[in-house]
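Tertiary structure, described
Each chain, written out:
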Amino acid sequence: MVEEQEISSSSSYEDPQENEDARKGQQGFMSDFLARLEHFTWANYTFPMSTGGLALLLSEQTQGFIFPGLQTIGKIVYIFDLVVFTLVTAAITYRFVKFPGTLKASITHPTEALFLGTSTLSLASIIAGIARYGIPSCGPWLVVVYRILFWIYFFITFALAVGQYSLLFTSPLLRIQDMTPAWDLPIFPFMLSGTVASSGAALQPPNEAVPMIIGGLTAQGLGMCISIMMYASYVRRMIQWGFPSPNSRPGMFIAVGPPSFTSLAIIGLANDFPQYYNYFGADSVTIQILRVLATFASIFIWSLSLWFFCISVIANLAIRKQLTFHLNWYAYVFPNVGFTITIIALGKNLKSQGAMAVGSAMTLLLVAMWIFVFIHHVKAIINREILFDGKDEDVYVNEKKHAHVKPNKSVSDIEKEA
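Overview of the structure.

Each helix and strand counted, the chain has 14 helices and 0 strands in total. Along the chain direction, N to C, the helices and strands of the chain fall in the order α-α-α-α-α-α-α-α-α-α-α-α-α-α. Counting across all 418 residues of the chain, residues that qualify as buried make up 50%. Pairs at least 24 apart in sequence give 81% of the contacts found in the chain among residues at least 6 apart. Working note: accessible area of the chain is about 20100 Å², and carbon and sulfur atoms make up 69% of it.

Attention now moves to unusual backbone geometry. With a phi angle near 55°, Lys351 is a residue other than glycine that sits in the positive phi range. For Lys351, the position within the fold is in the loop between α12 (334–350) and α13 (353–382). A relative accessible area of 71% means that Lys351 is categorised as exposed. Positive phi values are uncommon outside glycine, yet Arg384 reaches one of about 60°.

Residues Val144, Ile148, Ile152, Ile156 and Leu160 make up a contiguous nonpolar surface patch of roughly 400 Å² in combined accessible area. Judged by relative accessible area, which is 44%, Ile152 ranks as partly exposed.

Now for the pattern of salt bridges. Taken as a whole, this structure holds 3 salt bridges when the rule is applied. Note that Glu208 and Arg147 form a salt bridge whose closest N and O atoms lie 3.5 Å from each other. Residue Glu208 is found in helix α9 (residues 206–241), and its partner Arg147 is found in helix α6 (residues 141–169); the two are separated by 61 residues along the sequence.

Here the focus is the packing of helix α8 (residues 193–200) against α9. Direction vectors running N to C along α8 and α9 enclose 150°, while the axes themselves pass 7 Å from each other. By the criterion of interaxial angle, the relationship of α8 to α9 is roughly antiparallel. Note on packing geometry: the crossing formed by α8 with α9 is left-handed. Of α9, the residues touching α8 (which contributes Ser193, Gly194, Thr195, Ala197 and Gly200) are Met212, Gly216, Ala219 and Gln220.

Let us now look at empty space enclosed by the protein. The tally for this structure, following the rule as stated, stands at 3 cavities of 30 Å³ or more. Quantified by volume, the largest cavity comes out at close to 90 Å³. Every residue lining the largest cavity is listed: Thr46, Met49, Phe115, Thr118, Leu121, Leu185, Phe188, Ile254, Asn328, Ala331, Phe334 and Pro335. Of all the elements in the fold, those that place two or more residues in the lining of the largest cavity are α2 (46–57), α5 (117–138) and α12. Along the lines of polarity and charge, the residues of the lining of the largest cavity split into 9 nonpolar, 3 polar and no charged. Roughly 50 Å³ of internal volume is contained in the second largest cavity. Lining the second largest cavity, in full, are Met179, Pro181, Asp184, Ser227, Met230, Tyr231, Tyr234, Ile254, Ala255 and Pro258. Top element by residues in the lining of the second largest cavity is α9. It accounts for 4 residues. The residue inventory of the lining of the second largest cavity, partitioned by class, reads 8 nonpolar, 1 polar and 1 charged.

Another aspect to go through is the environment of Leu217. Along the chain, the position of Leu217 falls in helix α9. By relative accessible area, which is 46% here, Leu217 ends up partly exposed. Along the chain, Leu217 and Ser193 lie 24 residues apart, while their C-alpha atoms are 8.2 Å from each other.

Helix length check: α13 (30 residues) gives 44 Å between terminal C-alpha atoms against 44 Å at 1.5 Å per residue, within 8%. Considered for burial, the residues of α13 that qualify are Met356, Gly359, Ser360, Met362, Thr363, Leu366, Trp370, Val373, His377 and Ala380. Those residues of α13 that are buried lie in contact with α2, α3 (70–98) and α12. Of the residues flanking the end of α13, it is Arg384, one or two places downstream, whose phi is positive at about 60°.

What follows deals with the nonpolar core. Counting 105 residues, the largest nonpolar core has Tyr146, Phe188, Leu192 and Phe325 as the members making the most contacts within it. Apart from the residues lying within four places of it in its own chain, the contact partners of Tyr146 are Ile127, Ala128, Ile130, Ala131, Ile135, Val196, Ser199, Gly200, Gln204 and Met212.

Moving on, we come to the packing of α6 against α9. Interhelical geometry of α6 versus α9 gives an angle of 20° and a closest axis separation of 11 Å. Put simply, α6 runs roughly parallel to α9. Between α6 and α9 lies a crossing whose hand is left-handed. The segment α6 lies against α9, with Tyr146, Arg147, Phe150, Trp151, Phe154, Phe158, Tyr165 and Phe169 engaging Glu208, Pro211, Met212, Gly215, Gly216, Ala219, Leu222, Ile226 and Met230. Residue composition of the contact of α6 with α9, by class: 13 nonpolar, 2 polar and 2 charged.

Inspection of the secondary structure assignment puts Asp392 in the loop between α13 and α14 (411–417). Taking relative accessible area as the criterion, Asp392 reaches 6% and is therefore assigned buried. Placed 353 residues apart in sequence, Asp392 and His39 show a C-alpha to C-alpha distance of 6.5 Å. Excluding anything up to four places from it in sequence, Asp392 contacts His39, Thr41, Ile386 and Leu387.

The rules behind these values
Residues numbered from 1 in each chain as written. Predicted model: local features only at pLDDT ≥ 70, side-chain atom pairs only at ≥ 80, totals over all residues. Heavy atoms only, no water. Helix = DSSP H or I, 4+ residues; strand = E, 2+ residues; numbered from the N terminus. Buried < 20%, exposed > 50% of the residue type's maximum accessible area, 1.4 Å probe, protein only. Contact = heavy atoms within 4.5 Å. Areas by Shrake-Rupley, 256 points an atom, 1.4 Å probe, with all protein chains shown as cover. Patch = residues over 30% accessible without salt bridge, like charges linked within 9 Å, V, L, I, M, F, W, Y side chains within 5 Å. Salt bridge = Lys/Arg side-chain N within 4 Å of Asp/Glu carboxyl O. Axes fitted to C-alpha atoms, helices over the stretch in contact; angles between N-to-C directions. Parallel < 35°, antiparallel > 145°, perpendicular 65-115°, else oblique. Left-handed = near helix turned anticlockwise from the far one by under 90°. 1 Å grid on protein atoms, 1.4 Å probe; cavity = no way out; pocket = protein on both sides within 12 Å on 5 of 7 lines; lining within 4 Å. Points joined across faces, edges and corners; volume = space filled by probe spheres on them. Nonpolar A, V, L, I, M, F, W, Y, C, P; charged D, E, K, R; others polar. Expected span 1.5 Å × (residues − 1). Core = buried A, V, L, I, M, F, W, Y, C linked by side-chain atoms within 4.5 Å.

What follows is the structure, encoded as structure tokens:
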């Protein structure tokens, strides 16, 4: 009995010290993590951006084949996306407040500034998700909110696109040899105004739906035109210097996005055109013509995304063993969400069971890819592969200095080899 009392007193004597050590360890971990947030770049928004895209893909309204519980799964992913977006916004706000000067540096840096658009792209997924998950559950008041959010998003993203390209074009650090599809990201959010419009225009009153459709088509058209100009520089850069460096190659899938989302928006906007105005004659005839034209135009444009998808797959498979995690891995998901939804939408318009089945198979692959990337994301944070000095997008990457760059040969050297 005496021995038991001694053991008890001994353990009670040691507990406060152990608790103190544990508390200090937790404080040390937290302070270390908060210090690492100095490198919490705009590229972290690729996480909620891809998660929101996945939520849209899993909607019953999107899929060609559905099963009981699919909409619930989509809602869970959408709610998770809202949580992730909030946490990312809180973290990057802490960075800008705690480390003065990082905000200005982030929007002028030749690499990190390109990812500024991912923050508003994340908002595009959230707003479009309102039409899929919010309005059916909350009622007509959210229809008005959706319309207001659309126009706010439309004007803000246009201003950001103009301002950001003005900064990037005048930056001496922006060079053609460093060109990747990430150069398209500043216009991407404005372009997705078309996708946001196509998601919610059908729910609006006719007199509000038509301006939203016209605005969405304008944004989608401008975004696609600028993307084509960027593609010209991108292809020229690959002809002269080859594919981007290994760790930049996941970002090659960004090029899949513009034609995919443009095709998707054209189909959606044509389907949403209301029978109301009779501008071009009987609306029933007008809508039928619009849908036929939209379907064939979408196939025409979507073919470009298929080509970029295949090129990106080959380029990434070639260096698969050399890849280390970077946040651009989420480009494996988001652009291909648009690619997949377009396949499903074309399958519905053409009543093709095969196309819709391909879309369903790609949906499963994208879910698996998102899980794969998310697991590596968590591991990279734990192992200090990101959120660490010299490991993030706030470090300049010279695309001419890597093992896979094409050798710069003179005309005489080529003639000798020939």
